[in-house]
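What follows is each chain in one-letter form.
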Amino acid sequence: GQQVMQIPQYQHVQEGEDFTTYCNSSTTLSNIQWYKQRPGGHPVFLIQLVKSGEVKKQKRLTFQFGEAKKNSSLHITATQTTDVGTYFCAGPRGGNTPLVFGKGTRLSVIA
Amino acid sequence: DGGITQSPKYLFRKEGQNVTLSCEQNLNHDAMYWYRQDPGQGLRLIYYSQIVNDFQKGDIAEGYSVSREKKESFPLTVTSAQKNPTAFYLCASSMYGQGTQYFGPGTRLTVL
């Protein structure tokens, strides 16, 4: 079935360093969504990408959707301690069925 | 305030007991979901419902049951048949099946 793979599983960075997480799908996606879960919290929707090659920015966060619509990335410039958490990507399974979530990338930021 | 609520936040039960987790939403969303999250793990789909009085099994439905008698409510029962019930349970809702999901704060269940 549809799978969404995320790498890396964990990333530890010094505050101020950049961070990137990658999401790869076994099939073409109609869209991809990104969520953030703070430690002890619940996932919160960040953004949805729909178009091939789409790039969206939210302050220091840059989201990209690949040209083939099978991969996506989230890049954080100059990480801050507030960026700590787990970042999940999610894509449609097909039909009107729920999203399938990647296993997430857990980001730790060392001050 | 519109949102999705789960109660209780923490729940302790003895092994062999069934326990029901509450999930309520006032977002007027058609679809609702239950996920299980284990430490350091991703989100695993237990059950989902896209319309009142209908629901489907997710990836790990064994040992769980649900009902959807009202649009606003989607309770999850963790039965004694679930071998490893201790986990963080998240409820979510969306306007439609592939829409953006809004999560509740979660319930941490510990079975002793």
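Since the model is a prediction, treat every value here as computed from it, not as a measurement.

Each value, and the rule that gives it
Each chain carries its own residue numbering, running from 1 in the direction its sequence is written. As they are written, the chains are lettered A onward and the ligands numbered 1 onward, keeping that order. Residue-level local features of this predicted model are given only where pLDDT is at least 70; pairs of side-chain atoms are given and counted only at 80 or more, and the full residue set underlies all totals for whole chains, interfaces and linings. Calculation of side-chain values draws on the structure's entire complement of heavy atoms; hydrogens and water are dropped beforehand. Secondary structure follows DSSP: runs of H or I at least 4 residues long count as helices, runs of E at least 2 residues long count as strands, and numbering of each begins at the N terminus. Just to be clear, the radius of gyration here is over C-alpha atoms, and the globule rule we use is 2.2 Å times residues to the power 0.38. Each residue is assigned to one of three classes by its accessible area relative to the maximum for its type, calculated with a 1.4 Å probe on protein chains only: buried under 20%, partly exposed between the two thresholds, exposed over 50%. Residue contacts are counted whenever heavy atoms from the two residues lie within 4.5 Å of one another. The method behind every accessible area is Shrake-Rupley, applied with a 1.4 Å probe, and residues are considered shielded solely by the protein chains displayed. Charge assignment in this entry is limited to Lys and Arg as positive and Asp and Glu as negative, and neither His nor the chain termini are counted. Note that the charge is assigned to NZ on lysines, CZ on arginines, CG on aspartates and CD on glutamates. Pairs of N or O atoms are called polar contacts if they sit within 3.5 Å, as long as, within protein, a hydrogen donor faces a hydrogen acceptor (for residues adjacent in sequence, only side-chain-to-side-chain pairs). Each pair of strands is called paired provided DSSP finds at least two bridges between the two strands. Interaxial angles span 0 to 180 degrees and are taken between N-to-C directions of axes, which are lines fitted to C-alpha atoms, for helices over the stretch in contact. The buried area of a pairing is the accessible area, by a 1.4 Å probe, that goes missing from both parts when the two are put together, added over both. By convention in these notes, a salt bridge is any Lys or Arg side-chain nitrogen within 4 Å of a carboxyl oxygen on Asp or Glu. In the scheme used here, Gly and all other residues not listed as nonpolar or charged are polar, with Ala, Val, Leu, Ile, Met, Phe, Trp, Tyr, Cys and Pro taken as nonpolar and Asp, Glu, Lys and Arg as charged.

(A) Here's a closer look at the overall build of chain A. Each helix and strand counted, chain A has 0 helices and 11 strands in total. When the helices and strands of chain A are read in sequence order from the N terminus, they spell out β-β-β-β-β-β-β-β-β-β-β. Computed over its C-alpha atoms, the radius of gyration of chain A comes to 13 Å, within 12% of the 13 Å expected for a compact globule of 111 residues. Once the C-alpha set of chain A is aligned to its principal axes, its extents read approximately 45 × 30 × 20 Å. For chain A, buried positions account for 46% of its 111 residues. Within chain A, contacts between residues separated by at least 24 positions form 53% of all contacts whose residues are at least 6 apart in sequence. For chain A, the exposed area adds up to about 5,400 Å²; of that, 52% sits on carbon and sulfur atoms. The average position of the 12 basic charges and that of the 6 acidic charges among the side chains of chain A differ by 10 Å.

(B) Highlighting unusual backbone geometry. Put simply, I7 of chain A and P8 of chain A share a cis peptide bond, and its omega is -5°. The peptide bond linking S7 of chain B to P8 of chain B adopts the cis configuration, its omega dihedral lying at -10°. Mapped onto the fold, P8 of chain B is located in the loop between β1 (4–7) and β2 (10–13). At N28 of chain B, a position not held by glycine, the phi torsion is positive, near 60°. Of note, N28 of chain B is situated in the loop between β3 (19–25) and β4 (31–37). The backbone phi angle of N53 of chain B is positive, close to 65°, even though this residue is not glycine. Looking at the element boundaries, N53 of chain B is found in the loop between β5 (44–51) and β6 (54–57).

(C) View of the side chain of Q6 of chain B. Residues and elements named next belong to chain B. Tracing the backbone through its elements, the reader meets Q6 in strand β1. From its side chain, Q6 meets the backbone oxygen of Y89 in a polar contact 3.1 Å long. Reaching out from Q6, the side chain makes a polar contact with the backbone nitrogen of C91 at a distance of 3.0 Å. The contact partners of Q6, leaving out residues within four places of it in the chain, are S22, W34, Y89, L90, C91, G104, P105, G106 and T107.

(D) Spatial organisation of the sheet that holds strand β7 (residues 64–66) of chain B. All names here are of chain B. If you trace the 4 strands from one edge of the open sheet to the other, you get β1-β3-β8-β7, paired in antiparallel fashion. Across the chains shown, the open sheet's two edge strands, defined by having one partner strand only, are β1 and β7. Averaged over all adjacent pairs, the angle separating strand axes in this sheet is 20°, with direction ignored.

(E) Quick peek at the interface of chain B and chain A. Of the residues lining the interface, 22 residues belong to chain B; the matching set on chain A comes to 24 residues. Taken over both partners, the interface formed by chain B and chain A buries close to 1,800 Å², and the fraction arising from carbon and sulfur atoms is 49%. Taken together, the links from chain B to chain A amount to 1 salt bridge. Here R93 of chain A and D59 of chain B are joined by a salt bridge, their closest N and O atoms 3.1 Å apart. Among the secondary structure elements, those contributing two or more residues to the side of chain B that touches chain A are β4, β5 and β9 (87–94) of chain B. Each residue belonging to the side of chain B that touches chain A can be placed in one class, and the counts come to 9 nonpolar, 11 polar and 2 charged.

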